[in-house]
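Single-letter residue listing:
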Amino acid sequence: MSFCSCGALMVPKKTENGLVHMHCPSCGKILAPGVKNNSKLFEIKHTIRHNELEKTVIIENPNEVETMPFTNVTCKKCGNNEAVYWQVQTRSADEAPTTFYRCKKCGNTWRDYG
Ligand SMILES: [Zn+2]
Ligand SMILES: [Zn+2]
């Protein structure tokens, strides 16, 4: 794992030429050079909520959650108790990062401010 200078966990992001760069979902910084490793790749998409200045990370390919760490947390949608998780620094660096969870069974994604 690598962390951006802003404190967020950087994630692999595929570029148009097939290379994978480490990309910061919080500030958008990209760490070059990329590493060619398609098997470990998962596509990350982020959208900005302008009213909150927060960003939500969505993993577009649910099959790739197998490569991510998971924890025991109950999915409110299907009741499954295993979900992968990752953290994103959504505000200033001195605030706790937001933890996102994605249910391994149904793919339900939610966040936790804890
Ligand atoms: Zn950053
Ligand atoms: Zn679920």
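Located above this text is the structure these notes cover.
Residues numbered from 1 in each chain as written. Chains lettered and ligands numbered in written order. Predicted model: local features only at pLDDT ≥ 70, side-chain atom pairs only at ≥ 80, totals over all residues. Heavy atoms only, no water.

Draft legend 1. Highlighting the sheet that holds strand S7 (residues 82–88). Pairing in this open sheet of 4 strands is antiparallel, and the strands run S6-S7-S8-S9 from one edge to the other. Looking at strand neighbours, the two that pair on one side only are strand S6 (70–72) and strand S9 (109–112), the edges of this open sheet. Neighbour to neighbour, the strand axes of the sheet diverge by 40° on average, direction disregarded. (Pairing = 2+ DSSP bridges. Helix = DSSP H or I, 4+ residues; strand = E, 2+ residues; numbered from the N terminus. Axes fitted to C-alpha atoms, helices over the stretch in contact; angles between N-to-C directions.)

Draft legend 2. Fine view of the sheet that holds strand S2 (residues 20–23). Taken in spatial order, the 3 strands make up an open sheet running S1-S2-S3, and their pairing is antiparallel. This sheet does not close on itself; its edge strands, each paired only once, are strand S1 (11–14) and strand S3 (30–31). The pairing of S2 with S3 spans 2 bridges and is antiparallel. Bridge pairing in S3 places His-23 opposite Ile-30.

Draft legend 3. View of the coordination of the zinc ion (ligand 2). At 2.3 Å from the zinc ion (ligand 2) lie its protein donor atoms, namely Cys-75 (SG), Cys-78 (SG), Cys-103 (SG) and Cys-106 (SG). Around the zinc ion (ligand 2), the 4 donor atoms are arranged such that angles at the metal cover 103 to 114°; this shape is classified as tetrahedral. Of note, the donors binding the zinc ion (ligand 2) are all from one chain and are spaced C-x2-C-x24-C-x2-C. Linking Cys-75 in the loop between S6 and S7 with Cys-103 in strand S8 (residues 98–103), this pair joins segments that are 28 residues apart in sequence. (Donors = N, O, S within 2.8 Å, 3.2 Å for Na, K, Ca; no water. Tetrahedral: all angles 85-135°; square planar, octahedral: opposite > 155°, others 65-115°.)

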